[in-house]
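Okay, here's what each chain looks like letter by letter:
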Amino acid sequence: MSPRQILVALAALATVLLATGCAAPAKSIDYAAFRTTRPKSILVLPPVNESPDINASAGMLAQLSFPLAESGYYVLPVALVAETFRNNGLDTPAEAQAVAPAKLQEIFGADAALYVKVTKYGTSYTVINSEAVVAADARLVDLKTGAVLWSGSASASSAEGLNNGGGGLMGLLVTAVVQQIIGSLTDASFTVAGTTSLRLAAAGRPNGILYGPRSPKYLSD
Amino acid sequence: MHRSSRTGLVLLLAGAAVLGGCAHRTEPIYQWESYQTQVYQYLQGQSSDPQKQIASLEADFQKIRAQNHKPPPGFHAHLGMLYASVGKDDQALQEFQTEKSLFPESTAFIDMLLAKANSRKNSQQDKEKTL
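For clarity, every value in this text was computed on a predicted model and none was experimentally measured.

What counts, and where the lines are drawn
Residues numbered from 1 in each chain as written. Chains lettered and ligands numbered in written order. Predicted model: local features only at pLDDT ≥ 70, side-chain atom pairs only at ≥ 80, totals over all residues. Heavy atoms only, no water. Helix = DSSP H or I, 4+ residues; strand = E, 2+ residues; numbered from the N terminus. Buried < 20%, exposed > 50% of the residue type's maximum accessible area, 1.4 Å probe, protein only. Contact = heavy atoms within 4.5 Å. Areas by Shrake-Rupley, 256 points an atom, 1.4 Å probe, with all protein chains shown as cover. Axes fitted to C-alpha atoms, helices over the stretch in contact; angles between N-to-C directions. Parallel < 35°, antiparallel > 145°, perpendicular 65-115°, else oblique. Left-handed = near helix turned anticlockwise from the far one by under 90°. Nonpolar A, V, L, I, M, F, W, Y, C, P; charged D, E, K, R; others polar. UniProt positions renumbered as here; feature names shortened; annotations may be inferred. Core = buried A, V, L, I, M, F, W, Y, C linked by side-chain atoms within 4.5 Å. 1 Å grid on protein atoms, 1.4 Å probe; cavity = no way out; pocket = protein on both sides within 12 Å on 5 of 7 lines; lining within 4 Å. Points joined across faces, edges and corners; volume = space filled by probe spheres on them. Pairing = 2+ DSSP bridges. Phe/Tyr/Trp six-rings, centres within 6.5 Å; stacked < 30°, edge-to-face > 60°. Lys NZ or Arg CZ within 6 Å of the ring centre and 35° of its normal. Salt bridge = Lys/Arg side-chain N within 4 Å of Asp/Glu carboxyl O.

**Student:** Run through the overall build of chain A, naming residues and quoting values.
**Tutor:** If you tally the helices and strands in chain A, you get 8 helices and 6 strands. N-terminal to C-terminal, the α/β element order of chain A is α-α-β-β-α-β-α-α-α-β-β-β-α-α. Per-residue burial for chain A yields a buried fraction of 48% across its 221 residues. When contacts within chain A are restricted to residue pairs at least 6 apart in sequence, long-range pairs at least 24 apart make up 71% of them. Counting every atom, chain A has about 9700 Å² of accessible surface; 58% of that belongs to carbon and sulfur.

So this is what it looks like as structure tokens:
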């Protein structure tokens, strides 16, 4: 291969990488109800935990405000919401998630609620090393009608590199993670829950939620 | 330019193009500081020392304001809840009002909480009167 041929090959490779790297996400889910409703505020209900780790619900709940707020939504203060449920005798996430949408709308004044189920959390799922895995499912429900506006699932692992983000919200994650590590006594699973929450609930991702009214990208998707 | 160094340059440029190609990087809307960590610790029941959490969030807020950024949704409401838990009702009220003015979407929830707190206080005062 002559240097010229190498050059051409490299240029072609760069073009291909650029094209694939920035390809518009393939939208395969139906956004019709989402587009009609256009919620402004989201109530994140305490996540139901199916993992053996008792920190799972708190870990996911504490991380979910970030992707939702940065996507342009008002997120009701999650700890205050959790307290409100507890003070009203709804002590478990399952009980909170069983409240009728209309009732939730009346109490919290939110347009939509995010129902999350944590399916994996912590290190108990791996055999080879002490990898932390967090996986969760979620659905966004219109609190006026009870209609499901969006649903999705995501997972992340501490064994992955964090360099798979690129621009956008995933790029922000790196900052967020660094802040948490510097921040204090947080555990690996909590950090991984941050990645999972972004993959799950950030706009601008394939099959993700749409941007909300507080985002500069509102209505661009 | 030597041929091998030119190939190196081309490689470098190609690499930069690939890395930079998708960097229409989004600026964050909010400055988060330790909010998520504070929420996590609160939810885990590590709120035995709310004063320490208040101090952390107040320090965060100074930092956020100094950089002319915005705290995230829930930040002031969470701080208000911590103030209320240590009996500093005036500061709690102020934080809840700040949350409302920054985020009018919170109005219904916060007004409901304040109304409940008021009615509890009133019924307590009534009890004291009757005793």
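**Student:** Account for the packing of helix α4 (residues 75–85) of chain B against helix α5 (residues 89–102) of chain B, naming residues and giving values.
**Tutor:** Two measures define how a pair of helices packs: the angle their axes make with one another and the distance between the axes. All names here are of chain B. Close contact between α4 and α5 brings their axes to 8 Å; oriented N to C, the two are set at 165°. Taken together, the axes of α4 and α5 are roughly antiparallel relative to one another. Taken as a pair, α4 and α5 cross one another with a handedness that is left-handed. Residues F75, H76, A77, L79, G80, M81, Y83 and A84 of α4 form the contact with α5, whose own contacting residues are D89, Q91, A92, E95, F96, T98, E99 and L102. Across the contact of α4 with α5, the residue classes break down as 9 nonpolar, 4 polar and 3 charged.

**Student:** Explain the UniProt feature "repeat: TPR" (unreviewed entry) in chain B to me, and be specific about the residues and the numbers.
**Tutor:** This chain's UniProt record puts "repeat: TPR" (unreviewed entry) on residues 73–106 of chain B. In residues 73–106 of chain B, the share of helix is 74% and the share of strand is 0%. The end C-alpha atoms are 9 Å apart.

**Student:** Break down the packing of helix α3 (residues 56–70) of chain A against helix α8 (residues 188–201) of chain A for me, citing the residues and quoting the values.
**Tutor:** Residue and element names in this part refer to chain A. It is the contact of α3 with α8, at a shortest axis distance of 8 Å, that shows an interaxial angle of 45°. In terms of their interaxial angle, α3 and α8 are classed as oblique. Crossing of α3 over α8 shows right-handed handedness. When α3 is examined against α8, the residues G59, M60, A62, Q63, L64, F66, P67 and L68 are found in contact with a partner set consisting of F190, T191, A193, G194, T196, S197, L198, L200 and A201. Within the contact of α3 with α8, the residues separate by chemical class into 11 nonpolar, 6 polar and no charged.

**Student:** Could you give me a rundown of the nonpolar core, with the residues and numbers involved?
**Tutor:** Residues and elements named next belong to chain A. Counting 84 residues, the largest nonpolar core has F34, L43, L104, L114, W150 and L200 as the members making the most contacts within it. Residue contributions to this core peak at 9 residues, all from α3. Once residues within four sequence positions are removed from consideration, L43 is found in contact with L76, V81, L104, F108, A110, A112, A113, L114 and L143.

**Student:** Can you explain the layout of surface pockets? Please cite residues and give values.
**Tutor:** All names here are of chain B. Estimated volume of the second largest pocket: approximately 770 Å³. Lining the second largest pocket are 23 residues; nearest its centre among them are A84, F96, L113, A117 and R120. Broken down by element, the lining of the second largest pocket gets its largest block of residues, 9 residues, from helix α6 (residues 107–130).

**Student:** I'd like a description of the pairing of strand β4 (residues 112–122) of chain A, backed by residues and values.
**Tutor:** All names here are of chain A. Most of β4 sits out of view: 8 of its 11 residues are buried. Bridging between strand β1 (residues 41–44) and β4 involves 3 bridges; their strand directions are parallel. Counterpart to L43 in the pairing with β4 is A113. The sheet contact formed by strand β2 (residues 48–49) and β4 spans 2 bridges and is parallel. Along β4, the bridge assignment pairs V48 with K117. When β4 meets strand β5 (residues 133–142), the two strands line up antiparallel, connected through 10 bridges. Of the residues in β5, the one forming a bridge with Y121 is V134.

**Student:** Give me unusual backbone geometry: which residues, what numbers.
**Tutor:** All names here are of chain A. Phi at N207 takes a positive value of approximately 60°, unusual for a residue other than glycine. For N207, the location among the structural elements is in the segment after α8. Judged by relative accessible area, N207 falls into the partly exposed class, the value being 28%. The phi torsion at L219 lies on the positive side, around 70°, for a residue other than glycine. A relative accessible area of 57% places L219 in the exposed class.

**Student:** Tell me about the packing of aromatic side chains, and name the residues and values.
**Tutor:** Summed over the entire model, instances satisfying the criterion amount to 11 aromatic pairs over all chains. Between W32 of chain B and Y35 of chain B, the ring centres sit 6.1 Å apart and the planes meet at 50°, which makes this aromatic pair tilted. The pair W32 of chain B / Y35 of chain B is uniform in exposure class, with both members buried. One aromatic cluster in this structure is built from F66 and Y74 of chain A together with Y30, W32, Y35, F61, F75 and F103 of chain B. Positioned above the aromatic ring of Y115 of chain A, the side-chain terminus of R139 of chain A is 4.6 Å from the ring centre.

**Student:** Explain the pattern of salt bridges to me, and be specific about the residues and the numbers.
**Tutor:** Per the stated rule, a full pass over the model turns up 8 salt bridges over all chains. In this structure, E83 of chain A engages R86 of chain A in a salt bridge whose closest nitrogen and oxygen atoms are separated by 2.9 Å. Linking E83 of chain A with R86 of chain A, this pair stays in helix α4 (residues 78–87), spanning 3 residues, or about one helical turn. The partner of R214 of chain A in a salt bridge is E105 of chain B, and the shortest N-O contact between them spans 2.8 Å. Placement of R214 of chain A in the segment after α8 and of E105 of chain B in the loop between α5 and α6 is noted, with the two residues assigned to different chains. Taking relative accessible area as the criterion, R214 of chain A reaches 28% and is therefore assigned partly exposed. What makes E105 of chain B buried here is its relative accessible area of 17%. Members of the salt-bridge network, linked through shared partners, are E50, K117 and D137 of chain A.

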